[in-house]
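Residue strings, one per chain:
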Amino acid sequence: PMSDSSMKTVYKYPLQVVDRLVVTLPAGSRILTIQAQDDVPCIWAVVNQDTDKLELRDFRIIGTGHPFPDEWPIYVGTFQLMGGRLVFHVFTREPS
């Protein structure tokens, strides 16, 4: 017997390197990791393909040594660019 009829898939979402950005994801998506692929930071998330509902997810990208705002409590991951010369840390908060 099938335990879950919804179809879940891992999707990749390329990001721009900006201080703050908003990504539209299917509702209930679970972020797995963030890594750079060919010097482009990407988020990989488990998404439910069967939902039409979308949610906006806010992210902050903070370079090593830069101030950290307390209102972004959920750590997503760290990625490196330019062969490790630039290191960024990504944070989010609960979707609203």
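Structure's up top.
Figured I'd write up the structure that's included with this text. (Residues numbered from 1 in each chain as written. Predicted model: local features only at pLDDT ≥ 70, side-chain atom pairs only at ≥ 80, totals over all residues. Heavy atoms only, no water.)

### Some words on the overall build of the chain
Move 1: When helices and strands are tallied, the chain shows zero helices and seven strands.
Move 2: Moving toward the C terminus, one meets the helices and strands of the chain in the order β-β-β-β-β-β-β.
Move 3: Sorting the 96 residues of the chain into buried and exposed places 33% on the buried side.
Move 4: Of all intrachain contacts in the chain linking residues separated by at least 6 positions in sequence, the fraction that spans at least 24 positions is 64%.
Move 5: Only carbon and sulfur atoms are counted for the fraction: they give 52% of the accessible area of the chain, which is about 6300 Å².
Move 6: Charge separation in the chain, taken as the distance between the mean sites of 9 positive and 11 negative side-chain charges, equals 1 Å. (Helix = DSSP H or I, 4+ residues; strand = E, 2+ residues; numbered from the N terminus. Buried < 20%, exposed > 50% of the residue type's maximum accessible area, 1.4 Å probe, protein only. Contact = heavy atoms within 4.5 Å. Areas by Shrake-Rupley, 256 points an atom, 1.4 Å probe, with all protein chains shown as cover. Lys, Arg positive; Asp, Glu negative; His and termini not counted. Charge placed at Lys NZ, Arg CZ, Asp CG, Glu CD.)

### Topic: the nonpolar core
Move 1: In this structure, Val23, Ile34, Phe59, Phe79 and Val90 are the most contacted members of the largest nonpolar core, which totals 16 residues.
Move 2: At the level of elements, β2 (20-26), β4 (40-48), β5 (54-63), β6 (74-81) and β7 (86-92) are the ones that each hand at least two residues to this core.
Move 3: Once residues lying within four places of it in the same chain are set aside, the contact partners of Val90 are Ile34, Phe59, Arg60, Ile61, Ile74, Tyr75, Val76, Gly77 and Phe79. (Core = buried A, V, L, I, M, F, W, Y, C linked by side-chain atoms within 4.5 Å.)

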